[in-house]
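Reading the structure
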Amino acid sequence: MRLLATVGLLLTLCVTLLPESDAQSRSKGGSTSLGDKVQQLMDMTMKKSVLRLNGQTFKEFVKTQPRNYSMVVMFTALAPSRQCVICRHAHDEFVIVANSYRFSPGYSSRLFFAMVDFDEGSSVFQMMRLNTAPVFMHFPAKGKPKGSDTMDIQRVGFSAEVIAKWIQERTDVQIRVFRPPNYSGTLAMAMLASLVGGFFYLRRNNLEFLANKQMWGFMAIIFCFAMVSGQMWNHIRSPPFVHKTQNGGVSYIHGSSQGQLVIETYIVMFLNAMIVAGMILLTEAGNSTDARKGRIMAIAGLFLVAVFFSLILSVFRSKAQGYPYSFLFK
């Protein structure tokens, strides 16, 4: 009898303690334990490196504690009806970073990548008080996000390399970016080389055009326009084509001297081309034997130089805050 009583007491204690142990292993705000949450995230990451979250899953995996992992979330609007051109480019760069981390030797459950589309989680945008896209935010394992946990894409852009560097600064997780092979540039160069080689072959008996100074001068000017306008910077940093402002408009000029947009380089190239055209007209006006023609060329050249130099100076003023000088336009 004493043995049966002892066994009964032990069974009672086990039944009493089991709910308490289970409750300690579960999160305070939900019914999913930390281990289950991490395992679910790992399983979902095995299928896609970037998790798609809605209002419910965002609260469960990002906002609800406990959480021993960091989460980098991209808030975006990819639907064609939203007409967010840079969102697609930013999404592609974000996926490159996530895939680079997912297939790297340092991959672990310390860091996960996710995205919230406005049409799938508008409540999340309201919760985070966001009225623009794309936005990159880091949610640390402990504590709330700080100001530096929001990436300043207007200043640094959103190329994969820049995103990886920002993540390393916030999480101490180093990600080596591996871009998928892009053979379009190689194919274009091969086609260009074939065309040039074929042209030289057809003109092999008449290559006097190679001594044409005007042709080489024109090609040199085009090359200078491309370099001065910032095409090499675009190739290295991969900036967005345009930028969507907070009030819903479209910005064609970057507001900082530390960055630029793709369309901005074409604008600067055109302005420089018009200034050069004006200088050429002024130079040729002095060499013209026809006084009337020379006068017209001088007036046209002076007009081009004055107007387009004023415009490019205005662009510089908008980027270099506090620059005091202007000409015709502010």
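Please refer to the structure higher up on the page.
Residues numbered from 1 in each chain as written. Predicted model: local features only at pLDDT ≥ 70, side-chain atom pairs only at ≥ 80, totals over all residues. Heavy atoms only, no water.

**Concerning the environment of R155**
On the secondary structure map, R155 appears in helix α6 (residues 153-156). When its relative accessible area of 46% is taken as the criterion, R155 is described as partly exposed. Spatially, the C-alpha atom of R155 lies 6.6 Å from that of S256, the residues being 101 residues apart in sequence. If we skip the residues at most four places from it in the chain, R155 touches H254, Q258 and G259. (Helix = DSSP H or I, 4+ residues; strand = E, 2+ residues; numbered from the N terminus. Buried < 20%, exposed > 50% of the residue type's maximum accessible area, 1.4 Å probe, protein only. Contact = heavy atoms within 4.5 Å.)

**Section: helix α3 (residues 55-63)**
Of the positions making up α3, those classed as buried are G55, F58, F61 and V62. The buried residues of α3 occupy an angular sector of 145° when projected down its axis, which confines them to one face. Packing partners of the buried residues in α3 comprise α2 (34-47), β2 (70-76), β3 (111-117), α5 (122-128) and β4 (135-139). One side-chain oxygen at the N-terminal end of α3 lies 3.2 Å from the backbone nitrogen of Q56; it belongs to N54. (Arc of directions from axis to C-beta. Polar contact = N/O pair within 3.5 Å; in protein donor to acceptor, adjacent residues only side chain to side chain.)

**Thoughts on the packing of helix α11 (residues 262-287) against helix α12 (residues 291-319)**
Remark: α11 packs on α12, axes separated minimally by 7 Å, with the N-to-C direction vectors making an angle of 150°. On the basis of their axis angle, the class for α11 and α12 is roughly antiparallel. Along this stretch, α11 crosses α12, giving a crossing that reads as left-handed. Among the residues forming the contact of α11 with α12, the class breakdown is 21 nonpolar, four polar and three charged. (Axes fitted to C-alpha atoms, helices over the stretch in contact; angles between N-to-C directions. Parallel < 35°, antiparallel > 145°, perpendicular 65-115°, else oblique. Left-handed = near helix turned anticlockwise from the far one by under 90°. Nonpolar A, V, L, I, M, F, W, Y, C, P; charged D, E, K, R; others polar.)

**Some thoughts on the sheet that holds strand β1 (residues 50-52)**
Read across the sheet, four strands follow the order β1-β3-β2-β4 without closing on themselves; strand pairing throughout is mixed. The open sheet has two edge strands, β1 and β4, and neither has a second partner. Between one strand axis and the next, the sheet turns by 25° as a mean value, whatever way the strands run. As defined by bridge partners, β2 adjoins β4 across five bridges and the pair is classed as antiparallel. Looking across to β4, one finds that M71 is bridged to F139. Where helix α7 (residues 160-171) meets the sheet, it contacts β2, β3 and β4, and its direction lies at approximately 25° from that of β4. (Pairing = 2+ DSSP bridges.)

**So, the nonpolar core**
Ranked by size, the top nonpolar core spans 52 residues in total, and within it F58, M71, F75, F113 and F136 carry the most contacts. The element contributing the most residues to this core is helix α4 (residues 85-102), with eight residues. With eight residues, the next largest nonpolar core counts L271, I275, L304 and F308 among its residues. (Core = buried A, V, L, I, M, F, W, Y, C linked by side-chain atoms within 4.5 Å.)

**Quick look at the pairing of β2**
Most of β2 sits inside the fold, with seven of its seven residues counted as buried. By the alternation rule, side chains of β2 split into S70, V72, M74 and T76 and M71, V73 and F75, which are all buried. Pairing geometry for β2 and β3, over seven bridges, is parallel. For M74, the partnering residue across the bridge sits in β3 and is M115.

**A closer look at the environment of V85**
Tracing the backbone shows V85 in helix α4. On the basis of relative accessible area, V85 is assigned to the partly exposed category, the value being 46%. Spatially, the C-alpha atom of V85 lies 8.4 Å from that of H243, the residues being 158 residues apart in sequence.

**Details of the pairing of β3**
With seven of its seven residues buried, β3 lies for the most part within the structure. Neither face of β3 is open: one carries L111, F113, M115 and D117, the other F112, A114 and V116, and all of them are buried. Relative to β3, β1 runs parallel, the two being bridged by three bridges. Directly across from R52, in β3, lies its bridge partner M115. Crossover handedness for the path β2 to α4 to β3: right-handed. (Right-handed = clockwise from strand over helix to strand, strands pointing away.)

**As for α4**
The end-to-end C-alpha distance of α4 is 27 Å, a good match for the 26 Å that 18 residues give at a rise of 1.5 Å each. Within α4, burial applies to I86, C87, A90, H91, E93, F94, I96, V97, A98, S100, Y101 and R102. (Expected span 1.5 Å × (residues − 1).)

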